[in-house]
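Examination of the molecular architecture
Now for the letters of each chain:
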Amino acid sequence: MSHEAFVFWSYAATAVTLGGLLAAILLDGRARKRELRELEAQGVRRRSDARRDAA
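Anyway, here's the lowdown on the structure attached to this text. Quantities reported herein were computed from a predicted structural model and do not represent experimental measurements. (Residues numbered from 1 in each chain as written. Predicted model: local features only at pLDDT ≥ 70, side-chain atom pairs only at ≥ 80, totals over all residues. Heavy atoms only, no water.)

**Re the overall build of the chain**
Within the chain, the regular secondary structure consists of two helices and zero strands. Taken over 55 residues, the chain has a buried fraction of 4%. Looking at the chain as shown, the accessible area adds up to about 5,300 Å², and 63% of this sits on carbon and sulfur atoms. (Helix = DSSP H or I, 4+ residues; strand = E, 2+ residues; numbered from the N terminus. Buried < 20%, exposed > 50% of the residue type's maximum accessible area, 1.4 Å probe, protein only. Areas by Shrake-Rupley, 256 points an atom, 1.4 Å probe, with all protein chains shown as cover.)

**Here's the deal with the packing of aromatic side chains**
Applying the stated criterion across every chain, the model contains one aromatic pair. With a centroid separation of 5.0 Å and 75 degrees between ring planes, the pair formed by Phe-8 and Trp-9 is classed as edge-to-face. As far as burial versus exposure is concerned, Phe-8 and Trp-9 are alike and both exposed. (Phe/Tyr/Trp six-rings, centres within 6.5 Å; stacked < 30°, edge-to-face > 60°.)

**Re the pattern of salt bridges**
By the definition in use, this model includes two salt bridges. We note a salt bridge from Arg-32 to Asp-28, for which the minimum N-O separation is 2.2 Å. Of this pair, Arg-32 and Asp-28 both sit in helix H1 (residues 3–41), four residues apart, which is roughly one turn of the helix. With a closest N to O distance of 2.9 Å, Glu-35 and Arg-32 form a salt bridge. Taken as a pair, Glu-35 and Arg-32 lie in helix H1 at a separation of three residues, close to a single helical turn. Sharing partners across several salt bridges, the network here consists of Asp-28, Arg-32 and Glu-35. (Salt bridge = Lys/Arg side-chain N within 4 Å of Asp/Glu carboxyl O.)

**Some thoughts on a nonpolar patch on the surface**
On the surface, a nonpolar cluster with roughly 570 Å² of combined accessible area is contributed by Met-1, Phe-6, Phe-8 and Trp-9. Along the polypeptide, Phe-8 turns up in helix H1. (Patch = residues over 30% accessible without salt bridge, like charges linked within 9 Å, V, L, I, M, F, W, Y side chains within 5 Å.)

**Observations concerning H1**
Its 39 residues give H1 an end-to-end C-alpha distance of 57 Å, which sits within 8% of 57 Å, the value for a rise of 1.5 Å per residue. Following H1 by one or two positions, Gly-43 has its phi on the positive side, about 100 degrees. (Expected span 1.5 Å × (residues − 1).)

**A closer look at the environment of Thr-14**
One can find Thr-14 in helix H1. A distance of 2.9 Å separates a polar side-chain atom of Thr-14 from the backbone oxygen of Ser-10. (Polar contact = N/O pair within 3.5 Å; in protein donor to acceptor, adjacent residues only side chain to side chain.)

Written out as structure tokens, the structure is:
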């Protein structure tokens, strides 16, 4: 394998890995937001909302 091919495939593998990590982060963020909406619909409150309610 030539040096150029090795460098190309190394960059390609890195790009695929970073793309996969980015997709996983975005999908996980959506899932957490969905869970928060469901919990809030059930009446579960966030601790940070206690300050707002007391004011």
